[in-house]
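So you can see what is in the structure, the chains are spelled out below.
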2 protein chains.
Amino acid sequence: MGIATNPNSRIQQGEETRRKILRVAVDLASGQGLDSLSIGDLAKELGMSKSGLFAHFGSKEELQIATIEAAERVFGAAIIKPAREEAKPGLARLIVLLERYIRYLEDSVAGGCFFSAAAAEFDDRPGRVRDRIAQSMRTWCDMLEAETRCGLEAGELDASVDPQQLAFELEALTHHANFSRRLMADESAFARARTGIRERLRSVSTADGQAVLESRVP
Amino acid sequence: MGIATNPNSRIQQGEETRRKILRVAVDLASGQGLDSLSIGDLAKELGMSKSGLFAHFGSKEELQIATIEAAERVFGAAIIKPAREEAKPGLARLIVLLERYIRYLEDSVAGGCFFSAAAAEFDDRPGRVRDRIAQSMRTWCDMLEAETRCGLEAGELDASVDPQQLAFELEALTHHANFSRRLMADESAFARARTGIRERLRSVSTADGQAVLESRVP
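Residues numbered from 1 in each chain as written. Chains lettered and ligands numbered in written order. Predicted model: local features only at pLDDT ≥ 70, side-chain atom pairs only at ≥ 80, totals over all residues.

(A) Geometry of the overall build of chain A. Secondary structure summary: chain A contains 10 helices and 0 strands in total. Referenced to the eigenvectors of the C-alpha coordinate spread, the extents of chain A come out at roughly 70 × 40 × 30 Å. The proportion of buried residues among the 218 residues of chain A is 40%. Nonlocal contacts in chain A, meaning residues at least 24 apart in sequence, comprise 63% of its contacts between residues at least 6 apart. (Helix = DSSP H or I, 4+ residues; strand = E, 2+ residues; numbered from the N terminus. Buried ≥ 20, exposed ≤ 12 C-beta atoms within 10 Å, placed from the backbone. Contact = placed C-beta atoms within 7 Å.)

(B) Quick peek at helix 8 (residues 163-184) of chain A. Helix length check: helix 8 of chain A (22 residues) gives 31 Å between terminal C-alpha atoms against 32 Å at 1.5 Å per residue, within 8%. Of all 22 residues making up helix 8 of chain A, 18 are buried, and the element is well covered by its neighbours. (Expected span 1.5 Å × (residues − 1).)

(C) Examining the confidence of the model for chain A more closely. All names here are of chain A. Looking at chain A as a whole, the pLDDT averages 89, with 94% of positions reaching at least 70. Ranking the elements of chain A by mean pLDDT puts helix 6 (residues 114-122) last with 82 and helix 9 (residues 189-203) first with 96. Overall fold confidence (pTM) sits at 0.89, and the ipTM for the predicted complex is 0.88. (pLDDT = per-residue confidence, 0-100.)

(D) Fine view of the relation of the copies chain A and chain B. Rotating chain A by 180 degrees and moving it 0.0 Å along the rotation axis overlays it on chain B with an RMSD of 0.0 Å. The superposition operator between the copies reduces to a two-fold rotation axis. Here 100% of the contact residues of chain A are again contact residues in chain B; the copies associate through an equivalent surface. (Least-squares fit on C-alpha atoms with pLDDT ≥ 70 in both.)

(E) A look at the packing of helix 5 (residues 91-107) of chain A against helix 7 (residues 128-153) of chain A. All names here are of chain A. Between helix 5 and helix 7, the least distance of the axes is 7 Å, while the angle of their chain directions is 150 degrees. Here helix 7 runs roughly antiparallel to helix 5, going by the angle between their axes. Contacts from L91, R93, L94 and L97 of helix 5 reach helix 7 at M143, L144, E147, T148 and G151. The residue makeup of the contact of helix 5 with helix 7, split by class, is 5 nonpolar, 2 polar and 2 charged. (Axes fitted to C-alpha atoms, helices over the stretch in contact; angles between N-to-C directions. Parallel < 35°, antiparallel > 145°, perpendicular 65-115°, else oblique. Nonpolar A, V, L, I, M, F, W, Y, C, P; charged D, E, K, R; others polar.)

(F) Fine view of the interface of chain A and chain B. Contacts between chain A and chain B engage 26 residues on the former and 26 residues on the latter. When contributions to the side of chain A that touches chain B are tallied by element, the ones reaching two or more residues are helix 6, helix 7, helix 8 and helix 9 of chain A. Per element, the largest residue contribution to the side of chain A that touches chain B is 12 residues, and it comes from helix 8 of chain A. The residue makeup of the side of chain A that touches chain B, split by class, is 11 nonpolar, 8 polar and 7 charged.

(G) Inspection of the environment of T17 of chain A at higher detail. Residues and elements named next belong to chain A. Take T17: it is sitting in helix 1 (residues 7-32). Here T17 falls in the partly exposed class, since 16 other C-beta atoms lie within 10 Å of it. Between the C-alpha atom of T17 and that of H56, which follows or precedes it by 39 residues, the distance is 8.8 Å.

(H) Fine view of the environment of E62 of chain B. Residue and element names in this part refer to chain B. Inspection of the secondary structure assignment puts E62 in helix 4 (residues 60-86). Using a count of 13 C-beta atoms within 10 Å as the deciding quantity, one classes E62 as partly exposed. Linking E62 and I80, residues 18 residues apart in sequence, is a C-alpha distance of 25 Å.

(I) Structural context of the nonpolar core. One finds A25, A118 and I133 of chain A together with A25, A118 and I133 of chain B to be the most contacted residues of the largest nonpolar core, which totals 115 residues. If sequence neighbours within four positions are ignored, I133 of chain B has contacts with L183 of chain A together with I68, F115, A118, A119 and F122 of chain B. (Core = buried A, V, L, I, M, F, W, Y, C linked by C-beta atoms within 7 Å.)

(J) Inspection of the environment of G76 of chain B at higher detail. Its place among the elements puts G76 of chain B in helix 4. Sequence separation of G76 of chain B and W140 of chain B is 64 residues, and the distance between their C-alpha atoms is 9.9 Å.

(K) Inspection of the packing of helix 5 of chain A against helix 9 of chain A at higher detail. Residues and elements named next belong to chain A. Where helix 5 contacts helix 9, the two axes come as close as 11 Å, and the packing angle between them is 175 degrees. Between helix 5 and helix 9, the angle falls in the class roughly antiparallel. Contact with helix 5, carried on its side by L98, I102, L105 and E106, involves F190, A193, R194 and I197 of helix 9 and no other residues of that element. Per-class residue counts for the contact of helix 5 with helix 9 are 6 nonpolar, no polar and 2 charged.

(L) Local environment of helix 6 of chain A. Most of helix 6 of chain A sits out of view: 9 of its 9 residues are buried. Turning to helix 6 of chain A, its buried residues number three or more, namely F114, F115, S116, A117, A118, A119, A120, E121 and F122 of chain A.

Here is the structure:
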């Protein structure tokens, strides 16, 4: 107060603080769960006051929603953006998306996948948080389905393929691998998911598709 | 005290009360989670005193472990026992186990699958409860694998089949269907799991196996 400051830089500072809070929130929630994410713990971790945190997020629900959105940005930067740069639409991008997702799960074994953990916590609790998580998961499933459809249109996949069914099966393999690795400490889970994906795609690929597979899958 | 009672009938009564408590505990935990299962809620639901409940289970952890064991008995009675009676070992029993499991998931949509919910809650929390859940899930996976192996030995499945890999893929389909149905309200999830299972088994069945499939899958 009293000191003349540039209002733009104050807004920038506020946004920077918000981003910093959300980075820590995503990390904490990946480990302990989104619902256990308390403003108290977060304030302690950040060396901030609880009231300072409340100034950024009016309620626990707002904080949870903002954390989901931040986790989506992390996911986008780690998986979706590089896959778009690395591979053209269709089978190639589908393979890169899945492989990057599996690597993301492997790397985050300690914390686990933010979305799988949050989804399991909230699937039985109707409300805005659950709806926002479901929306994130649906976006990811839709993306896999769109690339499958694209591969079909490009003649990389057999005409008999049902894109929604295939996307469901591919997503099932990665999802179950994460679950088996984390709950049952199944060390072979990610290798099993990779094998399942490769064989499933091979079984429905045309000659063009086989060429894409050979070039993308080790 | 003071009144002469038959000690055997007193033990029987204690066991009957314990069973009654655990039936309610499994129902509550399927809905709200195993960790949220409080002795207070349970006492209220049963019209018992907290101290009465504590006499049966010395601690929350003991109650959680006993609840997992009770859920295992429910699962065994609904899925495993009838599958053993209904179908001979190998592909036929594998199909019946999976179909009964899917029906069990469909029927319990409100509460959801006790084990999936408990597993998601405890996968990041090392300890006896988590180990007991993991043991239950491993028993189920091992059962699917054993029937696959049996189908292989009976010449119902192609010699190239890796039983552990196939069991992993089949389990992934049912697990993901439960998840998609509950979080994303995907009404087609169970149909997708059934289609995935049928096509996956068809792709690795010998002529003998195809005959089993035709007779078991609608």
